[in-house]
Amino acid sequence: MRGVRGSAHFVFPRTASAFRVSAPKLRSRAGSTSPTDWSAAVTRAALLVSPNSGGGAAARIAGTTAALLRESVDVLDLLVPTSTAEAAAMAERVVGANVDALVVLGGDGAAHVALQACAGTPTALAVIPAGTGNDLARALGSRSAADLVPALRSGERRRVDLGRVRGGRWFATVLCAGFDSAVNARANRMRWPAGPRRYDLALLAELLGPRPGRLLLGTPKGEIGVNALLVAVGNTGSYGGGVPVCPGADPEDGLFDVTVVEAVSRRTLLRVLPTLRTGDHTAHPAVHTFRASSIRLAGPAWTAYADGERQRALPVTATCVPGALSTIPSVLTDSSIPART
């Protein structure tokens, strides 16, 4: 059983199997049930460029990326928005026009905008990493435009789960609150450095005054409370540029993997944080993990972030929606893309 790990008081009254829900299975070309589907080859795609992602890296490679994609599709619409609002409007427009695939050239923020349009539609989403964290691209196994070409030509698709905040937005990677969301908020405000090290500097600054609170977690099995420093709700495993906070998360199982870190001293926190880079933090007695199809977070005056983007202040309810997003599979796996070091 993959239940709650850690100290004995942090235990739900029933087994972890009560969390399990049935994810829809798509029928493969061979007739067996599989999360992989085949459609006609992509004929029309749109490339959404986030020009400021990665300190301008996306803008610098937009031309060569578009040229490569045009070799694999009949029509490619090039979209270069000047604001987040314009990016959202462009994504909604091309998805509403039934484009076969929306390819994002940018980071997790740009991907977050695009998946709001693609979720629950036949339009497949692909992400070419050119941002700071690139956690969704890593989860989908995409490292460059060339990784997507075989699936664009064959019409292969992969269905993945999404999380949805009640009354709010979809998310693809991790929803977090507490210490880690404070780090995220600080990193988003920083203008230097331009790369992943921004997260490291933000983390060091937040270590000066971590703010734990009495966190209430509600699931289909009931509600529990714990004095916590952070909570991470993972549809995929990593955030912050490859930090595997929910190392067992699988975006095709219909469940969130939830990681909770109890309130600990700053000295203990300094010992736990390095193990986040390897996923070994789950063995620490102050760290607890469980799985759920939906979760409600309430209690502290924390703000939830998802896909690195601000959502809302607690309380927040999120639900895992099986197979909500069609994606373009890569020739790689997520382990083929190195996390930042």
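Bear in mind that the values here come from a model prediction, so they are computed numbers and not experimental data.

A few words now on the pairing of strand S11 (residues 213-219). Most of S11 is tucked away: five of the seven residues are buried. Where S11 meets strand S12 (residues 222-234), seven bridges bridge the pair, whose relative direction is antiparallel. The partner of Gly213 across the bridge, within S12, is Ala228. Here S11 folds back onto S12, and the loop between the two strands holds two residues.

This part is about the packing of aromatic side chains. One pass over the full model with this rule turns up one aromatic pair. Seen in terms of ring centroids, Phe171 and Phe256 are 5.8 Å apart; in terms of plane orientation they differ by 10°. Their pairing is stacked. Here the residue Phe171 occupies a position in strand S9 (residues 170-171), and Phe256 occupies one in strand S13 (residues 256-262), the gap between them amounting to 85 residues. With a relative accessible area of 0%, Phe171 lands in the buried category.

By size, the foremost hydrophobic cluster in this structure holds 28 residues, and its most contacted members are Val94, Leu102, Leu125, Val127, Leu136 and Leu162. For this core, the secondary-structure elements that each account for two or more residues are strand S4 (44-49), helix H2 (84-96), strand S6 (101-106), helix H3 (108-118), strand S7 (124-129), helix H4 (135-140), strand S8 (156-165) and strand S18 (316-327). Ranked by residues supplied to this core, first place goes to H3 with six residues. Setting aside its immediate chain neighbours within four residues, Leu102 contacts Ala46, Leu48, Ala91, Val94, Val95, Ala114, Cys118, Thr123, Ala124, Leu125 and Ala126.

Our next topic: the pairing of S12. The sheet contact formed by strand S10 (residues 174-178) and S12 spans five bridges and is antiparallel. Across the sheet, Leu175 pairs through a bridge with Val233, a residue of S12. Bridge analysis of S12 against S13 gives six bridges, and the strand direction is antiparallel. Note on S13: the bridge partner recorded for Leu230 is Val261.

The share of residues in the protein with pLDDT of 70 or more is 76%, and the mean pLDDT across the chain is 82. The model gives residues 1-10 a pLDDT under 50, and that stretch makes 31 contacts with residues more than four places away or in other chains. Ignoring residues within four places in sequence, the model shows residues 12-34, a span with pLDDT below 50, making 52 contacts including any to other chains.

A few words now on the packing of H2 against H3. Interaxial distance between H2 and H3 falls to 8 Å at its minimum, and their mutual angle equals 35°. Read as a crossing pair, H2 and H3 show a hand that is right-handed. Each of Thr84, Ala87, Ala88, Ala91, Glu92 and Val95 in H2 lies in contact with H3, whose residues at this interface are Val113, Ala114, Gln116, Ala117 and Cys118.

The residue Val104 is located in strand S6 in this model. Taking relative accessible area as the criterion, Val104 reaches 0% and is therefore assigned buried. Distance in space between the C-alpha atoms of Val104 and Val49 is 6.1 Å, their sequence separation being 55 residues. Among residues more than four places away in sequence, those in contact with Val104 are Leu48, Ala110, Ala111, Ala114, Leu125, Ala126, Val127 and Ile128.

Reading the values: rules and limits
The numbering scheme is per chain: residues are counted from 1 as the chain's sequence reads. Side-chain atom pairs in this predicted model are given and counted only at pLDDT of 80 or more, local residue features only at pLDDT of at least 70, and totals for whole chains, interfaces and linings cover all residues. By convention in this description, side-chain values take in all heavy atoms of the structure and omit both hydrogens and water. When accessible area is computed with a 1.4 Å probe and restricted to protein chains, residues below 20% of their type maximum are described as buried, those above 50% as exposed, and intermediate ones as partly exposed. Starting at the N terminus, helices and strands are each numbered in turn, a helix being any DSSP run of H or I of at least four residues and a strand any DSSP run of E of at least two. Between any two strands, at least two bridges found by DSSP are needed for them to pair. Two aromatic rings from Phe, Tyr or Trp, using only the six-membered ring of Trp, form a pair when their centres are within 6.5 Å; if the ring planes differ by under 30 degrees the pair is stacked, by over 60 it is edge-to-face, and anything between is tilted. What we call a nonpolar core is a set of buried Ala, Val, Leu, Ile, Met, Phe, Trp, Tyr and Cys residues that are connected through their side-chain atoms within 4.5 Å. Throughout, a residue-residue contact means that at least one pair of heavy atoms, one from each residue, lies within 4.5 Å. What pLDDT expresses is the predictor's confidence in each residue, scored from 0 to 100. To obtain each axis, a line is fitted to C-alpha atoms, and for helices this fit is confined to the stretch in contact; angles are then taken between N-to-C directions over 0 to 180 degrees. Crossing handedness follows the turn of the near helix against the far one: under a right angle anticlockwise gives a left-handed crossing, and clockwise gives a right-handed one.

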